[in-house]
Amino acid sequence: MSTKVTDVTSELVTPILDELQLELVDVEFKKEGPNWFLRIYIDSESGVDLEDCGQVSEKLSEKLDELDPIPQAYFLEVSSPGAERPLKKEKDLQKAIGKNVYISTYEPIDGEKAFEGRLISFDGEILEVEVKIKTRKKVYSIPYEKVANARLAIIF
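Residues numbered from 1 in each chain as written. Predicted model: local features only at pLDDT ≥ 70, side-chain atom pairs only at ≥ 80, totals over all residues. Heavy atoms only, no water.

### Some points on the pattern of salt bridges
Next, step 1: Per the counting criterion, the structure on display carries 16 salt bridges.
Next, step 2: Note that Glu23 and Arg85 form a salt bridge whose closest N and O atoms lie 3.3 Å from each other. Here the residue Glu23 occupies a position in strand β1 (residues 23–32), and Arg85 occupies one in the loop between β3 (75–79) and α3 (90–95), the gap between them amounting to 62 residues.
Next, step 3: Salt bridges sharing partners connect three or more residues here, namely Glu23, Asp43, Glu45, Arg85, Lys91, Asp92 and Lys95. (Salt bridge = Lys/Arg side-chain N within 4 Å of Asp/Glu carboxyl O. Helix = DSSP H or I, 4+ residues; strand = E, 2+ residues; numbered from the N terminus.)

### Let's talk about the packing of aromatic side chains
Two aromatic rings are characterised by how far apart their centres lie and by the angle between their planes.
Next, step 1: Evaluated as defined, the whole model comprises five aromatic pairs.
Next, step 2: The cationic tip of Arg39 hangs over the ring face of Phe37; the distance from NZ or CZ to the ring centre is 4.7 Å. (Phe/Tyr/Trp six-rings, centres within 6.5 Å; stacked < 30°, edge-to-face > 60°. Lys NZ or Arg CZ within 6 Å of the ring centre and 35° of its normal.)

### As for the layout of surface pockets
Next, step 1: Volume-wise, the largest pocket comes out at about 220 Å³.
Next, step 2: Taken together, Glu23, Asp43, Ser44, Glu45, Arg85, Leu87, Asp92, Lys95, Ala96, Lys99 and Leu152 make up the lining of the largest pocket.
Next, step 3: Of the residues in the lining of the largest pocket, the class split is three nonpolar, one polar and seven charged.
Next, step 4: Approximately 170 Å³ is the volume found for the second largest pocket.
Next, step 5: Contributing to the lining of the second largest pocket are Pro86, Leu87, Lys88, Leu93, Tyr144, Val147, Ala148, Asn149 and Ala150.
Next, step 6: For the lining of the second largest pocket, the leading source of residues is strand β8 (residues 147–152), giving four residues. (1 Å grid on protein atoms, 1.4 Å probe; cavity = no way out; pocket = protein on both sides within 12 Å on 5 of 7 lines; lining within 4 Å. Points joined across faces, edges and corners; volume = space filled by probe spheres on them. Nonpolar A, V, L, I, M, F, W, Y, C, P; charged D, E, K, R; others polar.)

### Structural notes on a negative patch on the surface
Next, step 1: Taken together, the side chains of Glu58, Glu62, Asp65, Glu66 and Asp68 define an acidic patch exposed on the protein surface.
Next, step 2: Here Glu66 is to be found in helix α2 (residues 50–67). (Patch = residues over 30% accessible without salt bridge, like charges linked within 9 Å, V, L, I, M, F, W, Y side chains within 5 Å. Areas by Shrake-Rupley, 256 points an atom, 1.4 Å probe, with all protein chains shown as cover. Lys, Arg positive; Asp, Glu negative; His and termini not counted. Charge placed at Lys NZ, Arg CZ, Asp CG, Glu CD.)

### Here's the deal with the nonpolar core
Next, step 1: Counting residues in each nonpolar core, the largest one holds 18 residues, and the members touching the most others are Val13, Leu17, Leu38, Ile40, Ile42, Val56 and Leu60.
Next, step 2: If you list the elements that add at least two residues to this core, you get α1 (2–19), β1, β2 (35–43) and α2.
Next, step 3: With five residues, the single largest contributor to this core is α1.
Next, step 4: If we skip the residues at most four places from it in the chain, Val13 touches Leu24, Ile40, Val56 and Leu60. (Core = buried A, V, L, I, M, F, W, Y, C linked by side-chain atoms within 4.5 Å. Buried < 20%, exposed > 50% of the residue type's maximum accessible area, 1.4 Å probe, protein only. Contact = heavy atoms within 4.5 Å.)

### Looking at the environment of Asp92
Next, step 1: One can find Asp92 in helix α3.
Next, step 2: A relative accessible area of 2% places Asp92 in the buried class.
Next, step 3: Excluding residues that lie within four positions of it along the chain, Asp92 makes contacts with Glu23, Arg85, Pro86 and Leu87.

### Some thoughts on the sheet that holds β3
Next, step 1: Ordered in space as β1-β2-β3, the three strands form an open sheet in which the pairing is mixed. Of all the strands in the sheet, just β1 and β3 have a single pairing partner and so form its edges. Shown here is a sheet whose adjacent strand axes are inclined to one another by a mean of 15 degrees, direction ignored.
Next, step 2: Here nine bridges tie β1 to β2, and the two strands are oriented antiparallel to one another. By the bridge assignment for β2, Glu32 is matched with Asn35.
Next, step 3: Of the strands in this sheet, β2 and β3 touch α2, which is tilted by about 145 degrees from β3. (Pairing = 2+ DSSP bridges. Axes fitted to C-alpha atoms, helices over the stretch in contact; angles between N-to-C directions.)

### Examining α2
Next, step 1: Relative to the 26 Å expected for 18 residues at 1.5 Å per residue, α2 spans 26 Å between its end C-alpha atoms, a close match to the ideal helical length.
Next, step 2: Along α2, the residues that are buried comprise Asp52, Cys53, Val56, Leu60 and Leu64. Each buried residue of α2 lies within a common arc of 85 degrees when the element is viewed along its axis, so the set occupies one face. In α2, those exposed residues whose orientation departs by more than 90 degrees from the buried face are Leu50, Glu51, Glu58, Asp65 and Glu66.
Next, step 3: The backbone nitrogen of Glu51 lies 3.1 Å from a side-chain oxygen of the residue at the head of α2, namely Asp49.
Next, step 4: Trailing α2 by a residue or two, Asp68 shows a phi angle of about 50 degrees, which is positive. (Expected span 1.5 Å × (residues − 1). Arc of directions from axis to C-beta. Polar contact = N/O pair within 3.5 Å; in protein donor to acceptor, adjacent residues only side chain to side chain.)

Dropping the structure here:
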């Protein structure tokens, strides 16, 4: 059910975002307590502001009302993915090269399942992440198909 909703929503919101020169980061359809939430995360090279979110919300809301693809009541939220945005697609990882990332894997690599450090490279198959361990640095090669989660990271 929620996969169909996110697919339909992605199709509806993409032309709106293209027109506004914005990028779709993610679509979620989740039940939290008694309420359903349809969340659209958008971004652009220069970031997004409240006005961008409002425009997308208004235009998408019209399309959703027109087609009515979601049977239950829900809240529509349009926002920026924030500083620790998810890296869902290969192009997201390409853009993140040189930045700090957090990667978790489905199975251990060199005994680890979580890696936080600088993404050195990504060739479509292998991510190279430089992790600082106390005073030394170690580079991990992580196969893309073993990545469970990836996001930008703020490292203090």
